[in-house]
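Architecture and fold: a report
Take a look at the letters that make up each chain.
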Amino acid sequence: MEITTPVVTSSPAVNGPEDDLLDWHGIDWGTCEENVRRLRQRIFKATQEEDWKKVRNLQKLMLRSRSNTLISVKRVTQHSSGRMTAGIDGERALTPKARGTLAAEIHRSSKPWKARPVKRVFIPKSNGKQRPLGIPVIRDRVLQARVKNALEPEWEARFEPRSYGFRPGRSCQDAISAIFWTVKGKNPKRLWVLDADLSEAFDRIDHNHLMTMLGQFPARDLIRGWLKAGVIDRGRFAPTEEGTPQGGVITPPTQWVTRA
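Structure report, in brief. Remember, it's a predicted structure, so these values are computed and weren't measured experimentally.

1. Regarding the nonpolar core
Core analysis: the biggest nonpolar cluster contains 44 residues, and W24, L70, V147, F217 and I223 have the highest contact counts within it. Looking at which element gives the most residues to this core, the answer is helix α5 (residues 138-158), with eight residues. Beyond its immediate chain neighbours, meaning those up to four positions away, L70 contacts L22, W24, I27, W29, C32 and A103.

Now the structure itself:
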């Protein structure tokens, strides 16, 4: 059983050791990965069994998990393609010492975190247009990664088996394979394939509906804060009354929005 310490969530804090002198290279990453993997599996299984009290308790445990904090910092600062891009505060964590300090500060803090506005940047699209992205500050990105590990396994257990977008371990090849085996059978019932693109889907997501879909998820206040944090575009602040910025860690799958 791993030791946990206070974290930035609405969950109760527990006491543990100080992490001021955290040796980033000395962390047992294999054990951390296993702790997170096993807890994700427990959340997934409890959801399948519709034991919602157990699901919420396990999610709170994930949000307090030291392993989850460390894995989230590593993902954001080492694995993410946007690790070199800073948010509006200009902060990055590119050295082992900076990563250790960031993990210790986030994991030890017991004060409610107020989401910062995202920084608007644009990247070119294949059709010559530009795609707007919203880059959160690094602490928001780490917190989003922590929340994702608590939220994702619940929804993986609830999603339809034939959906593939924005899901871990799934790709376009899986969708192609499903179509192939469907039409390959004798007298297939489905004789057509629909390829659709929801125009500006992320820009039009209804915040209230999204929050309703989350139910009693323990970190729902954090998610609401990210939705309402606003955007800084060329030095000007713009509120976000609808939609979700593309560029953070959490991207809501279509079924969060469309499933009744």
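2. Here's the deal with a nonpolar patch on the surface
Taken together, the side chains of I179, V183 and V193 present a nonpolar region at the surface, about 240 Å² in accessible area. Within the element layout of this structure, I179 appears in helix α6 (residues 172-184). A relative accessible area of 36% means that I179 is categorised as partly exposed.

3. Some remarks on the sheet that holds strand β4 (residues 236-238)
Reading across the sheet, the four strands line up as β2-β1-β3-β4 and stay open at both edges, with mixed pairing between neighbours. Edge positions in the sheet fall to β2 (130-135) and β4, since each has one partner strand and no second. Each strand of the sheet is rotated relative to its neighbour by a mean of 40°, with strand direction disregarded.

4. Examining the pairing of strand β1 (residues 118-124)
In terms of strand pairing, β1 meets strand β3 (residues 231-233) through two bridges, oriented parallel. Within the sheet, the bridge partner assigned to K119 lies in β3 and is I232. Hairpin connection of β1 to β2: five residues between the antiparallel strands, including G128 at a positive phi of 95°.

About the thresholds
Residues numbered from 1 in each chain as written. Predicted model: local features only at pLDDT ≥ 70, side-chain atom pairs only at ≥ 80, totals over all residues. Heavy atoms only, no water. Core = buried A, V, L, I, M, F, W, Y, C linked by side-chain atoms within 4.5 Å. Buried < 20%, exposed > 50% of the residue type's maximum accessible area, 1.4 Å probe, protein only. Helix = DSSP H or I, 4+ residues; strand = E, 2+ residues; numbered from the N terminus. Contact = heavy atoms within 4.5 Å. Patch = residues over 30% accessible without salt bridge, like charges linked within 9 Å, V, L, I, M, F, W, Y side chains within 5 Å. Areas by Shrake-Rupley, 256 points an atom, 1.4 Å probe, with all protein chains shown as cover. Salt bridge = Lys/Arg side-chain N within 4 Å of Asp/Glu carboxyl O. Pairing = 2+ DSSP bridges. Axes fitted to C-alpha atoms, helices over the stretch in contact; angles between N-to-C directions.

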